[in-house]
Every structure is written in C-alpha cells, then in structure tokens.
Amino acid sequence: MTPPRRRLAVAAATLTLAALTTSCGAIGQAVDCTQVSQEITKITNEYSSSLSSAATDPKAIEKASQETADKLKTLASKYDGDLAGAVNDMATVFESIKVDDMSGATEAMGKLPEIQAKAVAACG
C-alpha cells in the first residue's frame, strides 16, 4: 500500500478515536458515553495493530477496515438515538476505506467533525 493510503487509514482511526474520546470522556458524562468511548478505544487500537501487520497487503487493510466497521455497528446496536447514530456514522467511515478508491474514504473523513458534533450532543 502506498504511504498516503496508509496515512489515510491511520488518520481515520485516530480521528475517530479522538472524536468520541473528546465528546464522551469529560467528567460528569453519562455512563453510556464512557462505555462507548472505552469500547471505541479498544476497537481502534485493534485496527491500528492490524494496519501495522498488514502494511504491505492492501487487501488486508480493507479487511481490517471492514472488520472495524462491523465491530462499530455491533457496538452501535447496543445503544439508541444519536449515540448509536454517531457510532454507526463512524462505521461508515471505516467501510469507505477501499484500496482501489480512496476518494470515498477521504470524503467520509471530512464528515468526522459532523460525527463528533452528533456524539457531543448525544453525550451532553
């Protein structure tokens, strides 16, 4: 995989983690937000590890991205409302990471501020 593609994949994981950690990690937030934040941290850490081991295999990156999206969807199914919606939106970002067309991932990552705002509203 070319370095820009790998950087994009890593950026997606990092920005997703930062978005939910920022929105749900503040003192006094609901337990749901704390639990979601911890689970997303775990999922994105697993994703980052997968990227490290699959650096030379583009299809493995796609597989790791899809597995991450599936885990996020499973997590979202445990909640409802805007919090579930924000986690599902994050799953969409990971689903869009395709080796042969990174424009979809780039476009989806542009929606991360909107996803973060949605998570903040759900946790606020």
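Before any of the text, the structure's been laid out above.
Quick caveat: nothing in here was measured; it's all calculated off a predicted structure.

Conventions and cut-offs
Residues numbered from 1 in each chain as written. Predicted model: local features only at pLDDT ≥ 70, side-chain atom pairs only at ≥ 80, totals over all residues. Heavy atoms only, no water. Helix = DSSP H or I, 4+ residues; strand = E, 2+ residues; numbered from the N terminus. Polar contact = N/O pair within 3.5 Å; in protein donor to acceptor, adjacent residues only side chain to side chain. Contact = heavy atoms within 4.5 Å. Buried < 20%, exposed > 50% of the residue type's maximum accessible area, 1.4 Å probe, protein only. Axes fitted to C-alpha atoms, helices over the stretch in contact; angles between N-to-C directions. Parallel < 35°, antiparallel > 145°, perpendicular 65-115°, else oblique. Left-handed = near helix turned anticlockwise from the far one by under 90°. Nonpolar A, V, L, I, M, F, W, Y, C, P; charged D, E, K, R; others polar.

Caption draft 1: Here's a closer look at the side chain of T68. Here T68 lies in helix α3 (residues 58-76). Only 2.9 Å separates the side chain of T68 from the backbone oxygen of A64, close enough to count as a polar contact. Excluding anything up to four places from it in sequence, T68 contacts I43, Y47 and F94.

Caption draft 2: Here's a closer look at the environment of S65. Among the secondary structure elements, S65 is positioned in helix α3. Given the relative accessible area of 0%, S65 is considered buried. Once the C-alpha coordinates of S65 and V93 are considered, the two residues, 28 residues apart in sequence, prove to be 9.0 Å apart. Discounting residues that sit within four places of it in the chain, S65 has contacts with Y47, F94 and I97.

Caption draft 3: Region of interest: the environment of A105. Looking at the secondary structure, you find A105 in helix α5 (residues 103-109). C-alpha of A105 to C-alpha of V93: the two residues are 12 residues apart in sequence and 6.4 Å apart in space.

Caption draft 4: Looking closely at the packing of helix α4 (residues 81-95) against helix α6 (residues 112-123). It is the contact of α4 with α6, at a shortest axis distance of 8 Å, that shows an interaxial angle of 160 degrees. In this view, α4 runs roughly antiparallel relative to α6, as classed from their interaxial angle. Here α4 and α6 pass one another in a crossing that is left-handed. Taking contact as the criterion, the partners of D82, L83, G85, A86, D89, M90 and V93 in α4 are, on α6, L112, I115, K118, A119, A122 and C123. Looking at the contact of α4 with α6 residue by residue, the classes come out as nine nonpolar, one polar and three charged.

Caption draft 5: Quick look at the packing of α3 against α4. The N-to-C vectors of α3 and α4 enclose an angle of 170 degrees; their axes lie 8 Å apart at closest approach. Between α3 and α4, the interaxial angle falls into the category roughly antiparallel. Each of S65, Q66, T68, A69, L72, K73, L75 and A76 in α3 lies in contact with α4, whose residues at this interface are A84, V87, N88, M90, A91, F94 and E95. Taken together, the residues of the contact of α3 with α4 sort by class into nine nonpolar, four polar and two charged.

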